[in-house]
Amino acid sequence: MNRLTRDQMAERVARDIPEGAYVNLGIGLPTKVADYLPIDRDVFLQSENGLLGMGPAPTPGDEDWELINAGKQAVTLLSGGCFFHHADSFAMMRGGHLDICVLGAFQVSVNGDLANWHTGEPGAIPAVGGAMDLAIGARQTLVMMELLTRQGDSKLVETCTYPLTGLGCVSRVYTDLAVFDVGPAGAAVVEMTPGLSIDELRRLTGLPLDAAV
Amino acid sequence: MIDKTFATALEAVADIGNGASVMIGGFGTAGMPDQLIDALIARGVGDLTIINNNAGNGEAGVAALIKAGRVRKIICSFPRQSDSHHFDAAYRAGTIELELVPQGNLAARIHAGGAGLGAIFTPTGFGTLLAQGKETRHIDGRDYVLEYPIKADFALIKAQRGDRWGNLVYRKTARNFGPIMAMAARCTIAQVAQIVDLGVLDPEAVVTPGIFVQRVVQVERAQSPAVAA
């Protein structure tokens, strides 16, 4: 089975981010998307901890630990970028000013429910951060994840079994095997890796998938 | 003459007592007022309620406060990190109470506390575990959760420069929760890298107006350390 690497997934997501978009990339896998945004495309990267116009990582030795991203990694600020406090940062999300956010996920349901903050296991210490605000705040919430768990279970599901982050908030899911639209009409296949059939995707996910129109 | 400056961090925190609620600025270690926290630890008070985005990183700051057993309850959004071992141990031992709040709700509740609002309706968290048992309302086609303001007895924040009237400017992403925590505490104490004369801070660029700040203390500037994600 042809699978996209994590870098190829990031490159695929980056293709769908248009010039002029205000974008928040979640911690973990989505952070990679920044590496594939063409330099001639002006995209405004927002980080929840109070910056807009986030640039790439500094060269080693030039880190400023008061200039970090949501994952607490050292970053840089582009010319024209700016800083702001937390109430403004989350107003950008909740207020619908952010065009796109890209998040990782444990599970996404066919109607766009997202589970990405807590496994719900006994003894697990919960941590939510900005996930719930981002999920429901951005105009478009995109998810990036491997389609299957290591055990082979589909992470695109009829109904999430993990605790939810947001209801009906995801519009598109980018995976290593296929891209799906999700929402009130259910899940539809936008594209597949070469050699994969929709029947095989139905078998892997256990979902009655159709091609997107 | 009004002069809000204090000579030392220890003097600035001298009246924080047992059982106080204390907001502490910072996102990880960026913006964390490490020297005010050290002074608070040195004072020896306990049974504190701490409001912070995280629950300590590594060994310093909030982590040291938790390690010293001074924190009864923490209100935060992101406690579990690879270097939050002191919080993890206290949580598993049942010696610390956790109120987990989505980060934007934390910011909005703190802001509401400072702005004198009675409550807020927020869309964040609707239909999730973190909204269980809370009042909800459908407004103009969208579902919201009722959340109450967070206020505190004290706020400890870190800024870059301040003056004797309490006006503050910050540095890069160390700003984070500082400006809103300053609004929401009865007494806000700012550690700054430099105290400047009145008029030096550009009035067009003052981020926190002095009305929100009661005490300013200049400390030796230490670069925030790196933290594990």
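Bear in mind the structure is a predicted one, so any value in this text is a computation, not a measurement.

(A) Broad picture of the overall build of chain B. The helix and strand inventory of chain B stands at six helices and twelve strands. Against the globule reference of 17 Å for 229 residues, chain B gives a C-alpha radius of gyration of 18 Å, in line with a compact fold. With the principal axes as the frame, chain B shows a C-alpha extent of 50 × 45 × 30 Å. Counting across all 229 residues of chain B, residues that qualify as buried make up 57%. In chain B, once contacts between residues fewer than 6 apart in sequence are set aside, the share between residues at least 24 apart is 75%. Carbon together with sulfur atoms contributes 50% to the accessible area of chain B, which is approximately 9,100 Å² in total.

(B) Spotlight on helix α4 (residues 85-93) of chain B. Residues and elements named next belong to chain B. Within the span of α4, buried status applies to H86, F87, D88 and A90. On its buried face, α4 sits against α3 (62-67), β4 (71-76) and β5 (97-100). Directly beyond the C-terminal end of α4, a positive phi value near 75° is found at G94.

(C) Highlighting the interface of chain B and chain A. If you look at the interface, chain B gives 50 residues, while chain A gives 38 residues. Counting each side, the surface lost to burial between chain B and chain A is near 3,600 Å², with a carbon and sulfur contribution of 63%. Considering only the surface of chain B that becomes buried against chain A, F27(B), K172(B) and T173(B) emerge as the three largest contributors, covering 17% of it. Note that R171(B) and E66(A) form a salt bridge whose closest N and O atoms lie 2.8 Å from each other. Taken together, the elements giving at least two residues each to the side of chain B that touches chain A come down to α4, β5, α5 (103-115) and α6 (178-184) of chain B. Looking at the side of chain B that touches chain A residue by residue, the class counts come to 24 nonpolar, 17 polar and nine charged.

(D) Representation of the sheet that holds strand β6 (residues 120-122) of chain B within the structure. Residue and element names in this part refer to chain B. Taken in spatial order, the three strands make up an open sheet running β6-β8-β7, and their pairing is antiparallel. Edge positions in the open sheet fall to β6 and β7 (136-139), since each of these has one partner strand only. Between one strand axis and the next, the sheet turns through 40° on average, direction left out of account. Bridge count for β7 against strand β8 (residues 142-147) is four bridges, and the pairing is antiparallel. Its bridge partner being in β8, H138 is matched across the sheet by D143.

(E) Region of the structure containing the packing of aromatic side chains. For the structure shown, the criterion picks out three aromatic pairs over all chains. Relative to F44(A), the ring of Y22(A) lies with its centre 4.4 Å away and its plane at 15°, an arrangement referred to as stacked. In this pair, Y22(A) is assigned in strand β1 (residues 22-25) and F44(A) in strand β2 (residues 44-47), connecting sequence segments 22 residues apart. Aromatic side chains F106(A) and Y162(A) sit 5.4 Å apart centroid to centroid with 55° between the ring planes, which places their arrangement in the tilted category. Here Y162(A) lies in the loop between β9 (156-157) and β10 (170-174) and F106(A) lies in the loop between β5 (100-103) and β6 (107-109), a separation of 56 residues in the sequence. By relative accessible area, which is 30% here, Y162(A) ends up partly exposed. Looking at K72(A), its charged tip hangs above the ring of F27(B), at a distance of 4.5 Å from the centre. Note that R186(B) overlies the ring of F154(B), its terminal NZ or CZ placed 5.3 Å from the centroid.

(F) Seen up close, the side chain of D113(A). Mapping D113(A) onto the fold places it in the loop between β6 and β7 (114-115). The charged side chain of D113(A) is buried without a salt bridge, its nearest counter-charge being R142(B) at 13 Å. Looking at D113(A), its side chain comes within polar contact range of the main-chain nitrogen of G168(A), at 2.7 Å. Setting aside its immediate chain neighbours within four residues, D113(A) contacts Q107(A), V108(A), C160(A), L164(A), G166(A), L167(A) and G168(A).

(G) Seen up close, the pairing of strand β2 (residues 21-24) of chain B. Residue and element names in this part refer to chain B. Burial along β2 is two-sided: the residues S21 and M23 and V22 and I24 are all buried. The parallel pair β2 and strand β3 (residues 48-51) is bridged by helix α2 (residues 34-43), and the resulting crossover is right-handed. Sheet topology places β2 next to strand β9 (residues 152-162); three bridges connect them, and they run parallel. Directly across from M23, in β9, lies its bridge partner A155.

(H) View of the environment of T173(B). Of note, T173(B) is situated in the loop between β10 (168-169) and α6. Excluding anything up to four places from it in sequence, T173(B) contacts N49(A), G50(A), L51(A), E66(A), L67(A), I68(A), F83(A) and A30(B).

(I) Representation of unusual backbone geometry. All names here are of chain B. Unusually for a residue other than glycine, D47 sits at a positive phi of about 60°. By the element assignment, D47 lies in the loop between α2 and β3. What makes D47 partly exposed here is its relative accessible area of 43%. Unlike most non-glycine residues, D140 shows phi in positive territory, near 50°. Along the chain, D140 turns up in the loop between β7 and β8.

(J) Focus on a nonpolar patch on the surface. Together, I2(B), W165(B) and L198(B) line one region of the surface with nonpolar side chains, adding up to about 300 Å² of accessible area. Inspection of the secondary structure assignment puts L198(B) in the loop between β11 (185-195) and β12 (215-218).

(K) Structural context of the packing of helix α2 (residues 86-94) of chain A against α5(B). Interhelical geometry of α2(A) versus α5(B) gives an angle of 125° and a closest axis separation of 9 Å. In terms of their interaxial angle, α2(A) and α5(B) are classed as oblique. When you trace α2(A) past α5(B), the crossing you get is left-handed. Note on element contacts: α5(B) touches α2(A) through Q103(B), G104(B), N105(B), A107(B), A108(B) and H111(B), opposite H86(A), A87(A), F90(A) and R94(A). Its residues placed into classes, the contact of α2(A) with α5(B) shows four nonpolar, five polar and one charged.

What counts and how
- Residues numbered from 1 in each chain as written.
- Chains lettered and ligands numbered in written order.
- Predicted model: local features only at pLDDT ≥ 70, side-chain atom pairs only at ≥ 80, totals over all residues.
- Heavy atoms only, no water.
- Helix = DSSP H or I, 4+ residues; strand = E, 2+ residues; numbered from the N terminus.
- Rg over C-alpha atoms; globule rule 2.2 N^0.38 Å.
- Buried < 20%, exposed > 50% of the residue type's maximum accessible area, 1.4 Å probe, protein only.
- Contact = heavy atoms within 4.5 Å.
- Areas by Shrake-Rupley, 256 points an atom, 1.4 Å probe, with all protein chains shown as cover.
- Buried area = accessible area lost by both parts, 1.4 Å probe.
- Salt bridge = Lys/Arg side-chain N within 4 Å of Asp/Glu carboxyl O.
- Nonpolar A, V, L, I, M, F, W, Y, C, P; charged D, E, K, R; others polar.
- Pairing = 2+ DSSP bridges.
- Axes fitted to C-alpha atoms, helices over the stretch in contact; angles between N-to-C directions.
- Phe/Tyr/Trp six-rings, centres within 6.5 Å; stacked < 30°, edge-to-face > 60°.
- Lys NZ or Arg CZ within 6 Å of the ring centre and 35° of its normal.
- Lys, Arg positive; Asp, Glu negative; His and termini not counted.
- Polar contact = N/O pair within 3.5 Å; in protein donor to acceptor, adjacent residues only side chain to side chain.
- Right-handed = clockwise from strand over helix to strand, strands pointing away.
- Patch = residues over 30% accessible without salt bridge, like charges linked within 9 Å, V, L, I, M, F, W, Y side chains within 5 Å.
- Parallel < 35°, antiparallel > 145°, perpendicular 65-115°, else oblique.
- Left-handed = near helix turned anticlockwise from the far one by under 90°.

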